[in-house]
Amino acid sequence: QGELADVLGRLIETRLTERQRTLIRAELAGVPQAVIAERMGTNRNALYKLGHDARKRLKMRLAAAGVTDEDVRAAFDL
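To start, this report covers the structure provided alongside it. Please read these numbers as outputs of a predicted model, since none were measured by experiment. (Residues numbered from 1 in each chain as written. Predicted model: local features only at pLDDT ≥ 70, side-chain atom pairs only at ≥ 80, totals over all residues. Heavy atoms only, no water.)

Concerning the overall build of the protein chain
- Along the backbone of the protein chain there are five helices and zero strands.
- Moving toward the C terminus, one meets the helices and strands of the protein chain in the order α-α-α-α-α.
- Seen along its three principal axes, the alpha-carbon backbone of the protein chain occupies a region of about 35 × 20 × 15 Å.
- Counting the 78 residues in the protein chain, one finds 27% classified as buried.
- Restricting to contacts in the protein chain with at least 6 residues of sequence separation, those with at least 24 account for 54%.
- If you sum the accessible surface of the protein chain, you get close to 5,400 Å²; carbon and sulfur atoms cover 53% of it. (Helix = DSSP H or I, 4+ residues; strand = E, 2+ residues; numbered from the N terminus. Buried < 20%, exposed > 50% of the residue type's maximum accessible area, 1.4 Å probe, protein only. Contact = heavy atoms within 4.5 Å. Areas by Shrake-Rupley, 256 points an atom, 1.4 Å probe, with all protein chains shown as cover.)

Below you can see the structure in the form of structure tokens.
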């Protein structure tokens, strides 16, 4: 779990745009979408698209690193 969290953290820091990093960090901290949208000066639809693109990019990079969906679920009991 720790190793996967490290890989994910590095990917967030190096492979996402600043706005994507801001969104993902806020989501991981449990901040509600409406609050994130207000803080970022955007609407919920644009925020959804930003998050979708960020998660897609992370998933692609994790797959390139040999990490599967099952690995993530197993590591974090999802």
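After presenting the structure, the write-up continues.
Overview of helix H3 (residues 33–40)
- Where H3 is concerned, the buried positions are Ile36, Ala37 and Met40. Seen along its axis, H3 keeps its buried residues to an arc of 100°; they face one direction. When the buried face of H3 is taken as reference, the exposed residues oriented beyond 90 degrees from it are Glu38 and Arg39.
- In this structure, the buried residues of H3 make contact with helix H2 (18–28) and helix H4 (44–64).
- Of the residues flanking the end of H3, it is glycine 41, one or two places downstream, whose phi is positive at about 70°. (Arc of directions from axis to C-beta.)

Examining helix H1 (residues 2–15)
- Across its 14 residues, H1 extends 19 Å between first and last C-alpha, which sits within 8% of the 20 Å expected from 1.5 Å per residue.
- For H1, the secondary structure elements touched by its buried residues are H2, H4 and helix H5 (69–76). (Expected span 1.5 Å × (residues − 1).)

Things to note about the packing of H2 against H3
- Packing of H2 against H3 leaves a shortest axis separation of 10 Å and a crossing angle of 150°. Our classification of the angle between H2 and H3 gives roughly antiparallel. As H2 packs across H3, the resulting crossing turns out to be right-handed. Mapping the contact onto sequence places Arg19, Thr22, Leu23, Ala26 and Glu27 in H2 and Gln33, Ile36 and Met40 in H3.
- Here the contact of H2 with H3 is built from residues that sort into four nonpolar, two polar and two charged. (Axes fitted to C-alpha atoms, helices over the stretch in contact; angles between N-to-C directions. Parallel < 35°, antiparallel > 145°, perpendicular 65-115°, else oblique. Left-handed = near helix turned anticlockwise from the far one by under 90°. Nonpolar A, V, L, I, M, F, W, Y, C, P; charged D, E, K, R; others polar.)

Describing the layout of surface pockets
- Counted as a void, the largest pocket has a volume near 420 Å³.
- Around the largest pocket, the lining comprises 17 residues; the ones closest to its centre are Leu8, Arg55, Leu58, Leu62 and Val72.
- If you list the elements that add at least two residues to the lining of the largest pocket, you get H1, H2, H4 and H5.
- Ranked by residues supplied to the lining of the largest pocket, first place goes to H4 with five residues.
- Of the residues assigned to the lining of the largest pocket, the class counts are twelve nonpolar, one polar and four charged. (1 Å grid on protein atoms, 1.4 Å probe; cavity = no way out; pocket = protein on both sides within 12 Å on 5 of 7 lines; lining within 4 Å. Points joined across faces, edges and corners; volume = space filled by probe spheres on them.)

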